[in-house]
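Breakdown of the fold
Each chain, written out:
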Amino acid sequence: FDKICYIGCGVTTGIGAVINTAKVEQGATAVVFGLGGIGLNVIQGLRLAGADMIIGVDLNNDKKEWGERFGMTHFVNPKEIDGDIVPYLVNMTKRGADQIGGADYTFDCTGSTKVMRQALEASHRGWGKSVVIGVAGAGQEISTRPFQLVTGRTWMGTAFGGARGRTDV
Ligand SMILES: NC(=O)c1ccc[n+]([C@@H]2O[C@H](COP(=O)([O-])OP(=O)(O)OC[C@H]3O[C@@H](n4cnc5c(N)ncnc54)[C@H](O)[C@@H]3O)[C@@H](O)[C@H]2O)c1
């Protein structure tokens, strides 16, 4: 029971968000905001899916070691960087000939509407997908400029990682 209870929520939601909802492919770049029980399982799912660059973002430096145990390749503490987290992550995800930057996939695992916006805006123009997993406080609203969507980003959400409980768990 001590293991099955995790599969009944965190593992299925995190791995499901990667595999069922975002449909991450091999070699992808990804950013995971919030490295609690959900975020660590998103990292685990990204590793299973074969993502190349898995950036974890958390305000708590103690989460770095946990993230690494689950497959995180880079860690960012937003309190310890100069300036805004979005351009910082966009810059980090510039690879090879791609000088635009932005992650192929981003995940909010905090429930903060501010972080949800950052996650969307840190995804790649043209094809980036950003998945809202965190549950925001009652009555809160998300916002961004429509430009962020019309330039090809997809904002999506997941419940229980899109899993069919009876068969998938
Ligand atoms: N969609 C679903 O089906 C589903 C299922 C389960 C849980 N959830 C939700 O997922 C969220 C995460 O759950 P959890 O158990 O992992 O929570 P948690 O509290 O264990 O982890 C949240 C993490 O986010 C970090 N964090 C907070 N603010 C941050 C910020 N501004 N920038 C970066 N990191 C920040 C915290 O330091 C913490 O490590 C919750 O909102 C929960 O309700 C959703």
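Further up the page is the structure itself.
These numbers come from a predicted model, not from an experiment.

Another aspect to go through is the packing of aromatic side chains. For the coordinates displayed, the defined rule picks out zero aromatic pairs. Note that Arg69 overlies the ring of Trp66, its terminal NZ or CZ placed 4.2 Å from the centroid.

Of all the positions in helix H5 (residues 113-121), only Val115, Met116, Gln118, Ala119, Leu120 and Glu121 are classed as buried. Capping the start of H5 is the job of one residue whose side-chain oxygen sits 3.3 Å from the backbone nitrogen of Lys114: Ser112.

This part covers the packing of helix H1 (residues 4-22) against helix H2 (residues 37-49). The geometry of H1 relative to H2 is characterised by a closest axis approach of 7 Å and an angle of 45° between their N-to-C directions. In this view, H1 runs oblique relative to H2, as classed from their interaxial angle. At the point where H1 passes H2, the crossing takes the right-handed sense. Packed against H1, whose contacting residues are Gly10, Val11, Thr13, Gly14, Ile15 and Val18, the element H2 presents Ile38, Asn41, Val42, Gln44, Gly45, Leu46, Leu48 and Ala49 at the interface. Its residues assigned to classes, the contact of H1 with H2 comprises eight nonpolar, six polar and no charged.

Across all of its chains, the model carries four salt bridges by this definition. A salt bridge links Glu121 to Arg117; the nearest nitrogen and oxygen atoms lie 2.8 Å apart. Here Glu121 pairs with Arg117, and both are found in helix H5, just four residues apart, close to one helical turn.

Even without a glycine there, the phi angle at Lys23 is positive, about 55°. Tracing the backbone through its elements, the reader meets Lys23 in the loop between H1 and strand S1 (29-33). Its identity is not glycine, yet Phe160 carries a phi of approximately 55°, on the positive side. Residue position: Phe160 is located in the loop between strand S6 (154-157) and helix H7 (165-168). Residue classification places Phe160 among the partly exposed residues on the basis of a relative accessible area of 28%.

Along helix H4 (residues 85-92), the residues that are buried comprise Ile85, Val86, Leu89 and Val90. One face of H4 carries all of its buried residues, which in axial projection span an arc of 130°. Those residues of H4 hidden inside the fold are in contact with S1, strand S2 (53-57), strand S3 (74-76) and H5. If you check the start of H4, you find a side-chain oxygen 3.1 Å away from the backbone N of Val86, and it comes from Asp84.

Reading the values: the criteria
Residues numbered from 1 in each chain as written. Predicted model: local features only at pLDDT ≥ 70, side-chain atom pairs only at ≥ 80, totals over all residues. Heavy atoms only, no water. Phe/Tyr/Trp six-rings, centres within 6.5 Å; stacked < 30°, edge-to-face > 60°. Lys NZ or Arg CZ within 6 Å of the ring centre and 35° of its normal. Buried < 20%, exposed > 50% of the residue type's maximum accessible area, 1.4 Å probe, protein only. Helix = DSSP H or I, 4+ residues; strand = E, 2+ residues; numbered from the N terminus. Polar contact = N/O pair within 3.5 Å; in protein donor to acceptor, adjacent residues only side chain to side chain. Axes fitted to C-alpha atoms, helices over the stretch in contact; angles between N-to-C directions. Parallel < 35°, antiparallel > 145°, perpendicular 65-115°, else oblique. Left-handed = near helix turned anticlockwise from the far one by under 90°. Contact = heavy atoms within 4.5 Å. Nonpolar A, V, L, I, M, F, W, Y, C, P; charged D, E, K, R; others polar. Salt bridge = Lys/Arg side-chain N within 4 Å of Asp/Glu carboxyl O. Arc of directions from axis to C-beta.

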